[in-house]
Amino acid sequence: MYRNHFDLKLRPDPDIPVWDRLAAVWRGVHRASAKSGVPFAVAFPEWMQGGFTFGKVLRVFVRDTEMADTLYDHLENLPGMDDWVEYGRVRPVRAPERFEAYRMHRIPSGVSKARRTVSLERAIVLQQEARKRMIAQQASLPFVVMQSSSGAKFRLVVERLPATGEENGTPNGYGLSRTTQMVAVPVV
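Residues numbered from 1 in each chain as written. Predicted model: local features only at pLDDT ≥ 70, side-chain atom pairs only at ≥ 80, totals over all residues. Heavy atoms only, no water.

Peer 1: Hey, could you run me through unusual backbone geometry in this one?
Peer 2: Among all residues save glycine, negative phi is the norm, and among peptide bonds the norm is trans. Of note in this structure, Met48 is not a glycine but carries a positive phi near 60°. With respect to the helices and strands, the residue Met48 is situated in the loop between strand S2 (41-43) and strand S3 (57-62). A relative accessible area of 30% places Met48 in the partly exposed class. (Helix = DSSP H or I, 4+ residues; strand = E, 2+ residues; numbered from the N terminus. Buried < 20%, exposed > 50% of the residue type's maximum accessible area, 1.4 Å probe, protein only.)

Quick look at the structure:
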């Protein structure tokens, strides 16, 4: 379970929009996690406060204090990271009462390979309808623009969901839940 956390609060910069600064910091956490081998989950304590945004704080959750310290050290060693954020100290969450999950919201790119009960033509129609629905849903969700290791830019769209605390999946490389791997983080 992800019960230790630290906050990365964005430093003010009137020349760079909040979402671009958040994306840069989030990419930094992604890189530090890959280098250190420490998986992490994220939360956004200022979710949708003051507009259509994640807010100015990226809360990073890890499994234990030692892992938190390792990830924290890797973050501090990333060039320029100190220019972007103020680091909060590592804190445990002792007896959480509420939980939530942040899930990457994806649009299916093609027909499911698992389809077996419908014809290919029907599967294509169903996939197109699902794609339209997902695009409409994404219009109400915040996103940041990320860049993959190959240099391709993409929208990282996130939805916040209530959780029970029993969800103990594995987060993706950006610290987010997936449809089949929900990760509950405490509401702090």
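Peer 1: Please explain the side chain of Thr53 as it appears in this structure.
Peer 2: Within the secondary structure, Thr53 sits in the loop between S2 and S3. A polar atom in the side chain of Thr53 sits 3.1 Å from the backbone nitrogen of Gly55. When residues no more than four places from it in sequence are discounted, the contact partners of Thr53 are Val18, Glu46, Trp47, Met48 and Pro142. (Polar contact = N/O pair within 3.5 Å; in protein donor to acceptor, adjacent residues only side chain to side chain. Contact = heavy atoms within 4.5 Å.)

Peer 1: Would you mind showing me how to read the packing of aromatic side chains here?
Peer 2: To describe a pair of aromatic rings, one takes the distance between the centres and the angle between the planes. Scanning the entire structure with this criterion turns up 10 aromatic pairs. Here Phe154 and Tyr174 contribute two aromatic rings whose centre-to-centre distance is 6.1 Å and whose plane-to-plane angle is 65°, an arrangement assigned as edge-to-face. With a gap of 20 residues between them, Phe154 in strand S8 (residues 153-163) and Tyr174 in the loop between S8 and strand S9 (185-186) connect regions that are remote in the sequence. Assessed through its relative accessible area of 28%, Phe154 is described here as partly exposed. Residue Tyr174 is classed as buried on the basis of its relative accessible area, which comes to 12%. An aromatic cluster is present here, built from Trp26, Phe44, Trp47, Phe54 and Tyr102 joined pairwise through their rings. (Phe/Tyr/Trp six-rings, centres within 6.5 Å; stacked < 30°, edge-to-face > 60°.)

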